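Architecture at a glance
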Amino acid sequence: PVLATITVLVYGGCALTRSVSMMTAAAGPDPVFQIRTRGIDGLDRIRLWPAGSGQVGWDVSLAYFQDGRIRYGEVPTQFRARTTPRARQNYPYENRKPDPLPPNTTFIVEVVALYDTFLSARADSVYFSFSTDASGAVSPVNGLKRAPQRVPETERIRVPKSVEAD
């Protein structure tokens, strides 16, 4: 696996270097994302979508996740966190497993990192890309120097009022 690193510089009286890096590892049909951080309090979210697509394929809120390993399609249930560990899958809904990653496709991964500055708490998105080949094997990760031109929103579900009242 190849490591991609993006460094976020924060200026708050003095320069502090913060970094988020990601690798993928093949472990069965679903890749495992190995995320390393420096100067980061934890991860808040991970989202994945096919490049050029307007549809998020997987979106998980993580609440200061600090473990470093996330398997595609599995919501972590026990992990190290700066606060009470809790994670929630935002898409697909009802904790359904996301679709398998199709072959011959490039994907964008957004990782939202949480950290403190001299004056306040901050969250910044860091973007990575990887591809699947014809057999579905995952390629090494590449760090993106800037946000993709098109960052899709996670689809929102509408709950009927009759369900909300129950």
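Here's a quick rundown of the structure. Quantities reported herein were computed from a predicted structural model and do not represent experimental measurements.

The volume enclosed by the largest pocket comes to roughly 210 Å³. Classifying every residue of the lining of the largest pocket gives 11 nonpolar, three polar and three charged.

Here we come to the pattern of salt bridges. One pass over the structure, following the stated rule, counts five salt bridges. Across the pair D30 and K97 runs a salt bridge, and its minimum N-O distance is 2.9 Å. Of this pair, D30 sits in strand β3 (residues 30–38) while K97 sits in the loop between β7 (88–91) and β8 (106–116); the two residues are 67 residues apart in sequence, bridging distant segments of the chain. The partner of R47 in a salt bridge is E110, and the shortest N-O contact between them spans 2.6 Å. Residue R47 is found in strand β4 (residues 42–50), and its partner E110 is found in strand β8; the two are separated by 63 residues along the sequence. One exposure class covers both R47 and E110, and it is buried.

Counting residues in hydrophobic clusters, the biggest one holds 24 residues, and the most contacted among them are F33, I35, I46, L48 and V109. When residues of this core are traced back to their parent elements, those giving at least two are β2 (15–27), β3, β4, β5 (58–65), β8 and β9 (121–131). Here the element with the most residues in this core is β8; it accounts for five residues. When near neighbours in sequence (up to four residues on either side) are disregarded, I46 contacts F33, I35, W58, D59, V60, L62, I70, V109, E110 and V111.

The phi angle of most residues is negative, glycine excepted, and most peptide bonds adopt the trans form. Backbone torsion omega between Y91 and P92 reads -10 degrees, so that peptide bond is classified as cis. Note on placement: P92 falls in the loop between β7 and β8. One non-glycine residue, A63, adopts positive backbone phi at about 55 degrees. Of note, A63 is situated in strand β5. The class of A63 is buried, set by a relative accessible area of 14%. At E94, a position not held by glycine, the phi torsion is positive, near 55 degrees. By secondary structure assignment, the location of E94 is in the loop between β7 and β8. The class for E94 is exposed, based on a relative accessible area of 72%.

The rules we used
- Residue numbers run consecutively from 1 along every chain, following the written order of its sequence.
- Confidence filtering applies because this is a predicted model: local features only for residues at pLDDT of at least 70, side-chain atom pairs given and counted only at 80 or more, and all residues used for totals across whole chains, interfaces and linings.
- The side-chain quantities take in all heavy atoms of the structure and omit both hydrogens and water.
- With a 1 Å grid spanning the protein atoms alone, the term cavity applies to any set of points in which a 1.4 Å probe fits but cannot get out, the term pocket to an open set with protein on both sides within 12 Å along at least five of seven lines, and the term lining residue to any residue with an atom within 4 Å of a point.
- Grid points are joined across faces, edges and corners, and a volume is the space filled by probe spheres set on the points.
- Put simply, Ala, Val, Leu, Ile, Met, Phe, Trp, Tyr, Cys and Pro go in the nonpolar bin, Asp, Glu, Lys and Arg in the charged bin, and everything else, Gly too, in the polar bin.
- Whenever Lys or Arg places a side-chain nitrogen within 4 Å of a carboxyl oxygen from Asp or Glu, that contact is recorded as a salt bridge.
- By definition, any uninterrupted DSSP run of H or I lasting at least four residues is a helix, any uninterrupted run of E lasting at least two residues is a strand, and each is numbered from the N terminus.
- Partly exposed describes any residue whose relative accessible area lies between the buried limit of under 20% and the exposed limit of over 50%, with all areas from a 1.4 Å probe on protein chains only and scaled to the type maximum.
- The criterion is simple. A nonpolar core is a set of buried Ala, Val, Leu, Ile, Met, Phe, Trp, Tyr and Cys residues joined through side-chain atoms within 4.5 Å.
- Here a residue-residue contact requires only that any non-hydrogen atoms of the pair lie within 4.5 Å.

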